[in-house]
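Listed here are the chains, written in short residue letters.
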Amino acid sequence: MNRRKKKEEGLKRTHKQTLLLNNKELRAIKLYCERYKISNRAKFMREAIVMAVLRKMDEDHPTLFEYAEPTLFSGKESN
């Protein structure tokens, strides 16, 4: 099997998720898609969800100078 086929199999979407929307949410998404000429709503929602997740994960990554609250085992007393 060549590399391209292996890569394509790894990216194949096989996990189904279901999303329920209320009437206002659905109307807003339909209006948005009409306004911005988005023809593939599934792709749009998938990309929006993944971008939001990646953005949040990027914001929450630990930093070298992150200050943590003292804990019972840190040797520091808390007030």
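An account of the accompanying structure is given in this report. From a predicted model like this one, the values you see are computed outputs, not experimental measurements. Just so you know, the residues in each chain are numbered from 1, in the order the chain's sequence is written. Selection of residues for local features in this predicted model requires a pLDDT of at least 70, selection of side-chain atom pairs for listing and counting requires 80 or more, and totals for whole chains, interfaces and linings are taken over all residues. In computing side-chain properties, one takes all heavy atoms of the structure into account and sets aside hydrogens as well as water.

1. Points about the pattern of salt bridges
Link 1 in the chain: We count a salt bridge whenever a side-chain nitrogen from Lys or Arg sits within 4 Å of a carboxyl oxygen from Asp or Glu. In total, this model carries 1 salt bridge according to the counting rule given.
Link 2 in the chain: The closest approach of N and O atoms between K56 and D60, which form a salt bridge, is 3.8 Å.
Link 3 in the chain: Judged by its relative accessible area of 47%, K56 falls in the partly exposed class. Each residue's exposure class comes from its accessible area (1.4 Å probe, protein chains only) as a fraction of the maximum for that residue type: buried when under 20%, exposed when over 50%, partly exposed otherwise.

2. Considerations on helix α3 (residues 41-59)
Link 1 in the chain: Helix and strand definitions follow DSSP, with helices as H or I runs of at least four residues and strands as E runs of at least two, each counted in order from the N terminus. A helix's residues, less one, multiplied by 1.5 Å, set its expected span. Compared with the 27 Å implied by 1.5 Å per residue over 19 residues, the 27 Å span of α3 between its first and last C-alpha is a close match.
Link 2 in the chain: In the analysis that follows, any N or O atom pair within 3.5 Å is treated as a polar contact, provided that within protein one partner can donate a hydrogen and the other can accept it, and provided that, for residues neighboring in sequence, both atoms belong to side chains. For α3, the side-chain oxygen to backbone nitrogen distance between the N-cap and A42 is 3.3 Å, and the N-cap itself is N40.

3. Topic: a nonpolar patch on the surface
Link 1 in the chain: Patch definition: residues above 30% relative accessible area lacking any salt bridge, with like charges linked at up to 9 Å and the nonpolar side chains Val, Leu, Ile, Met, Phe, Trp and Tyr linked at up to 5 Å. Each accessible area is a Shrake-Rupley result for a 1.4 Å probe, and residues are judged covered by the shown protein chains and nothing else. A contiguous nonpolar surface patch, about 470 Å² in accessible area, is contributed by I49, V50, V53, L54 and M57.
Link 2 in the chain: Counting through the fold element by element, V53 comes out in helix α3.

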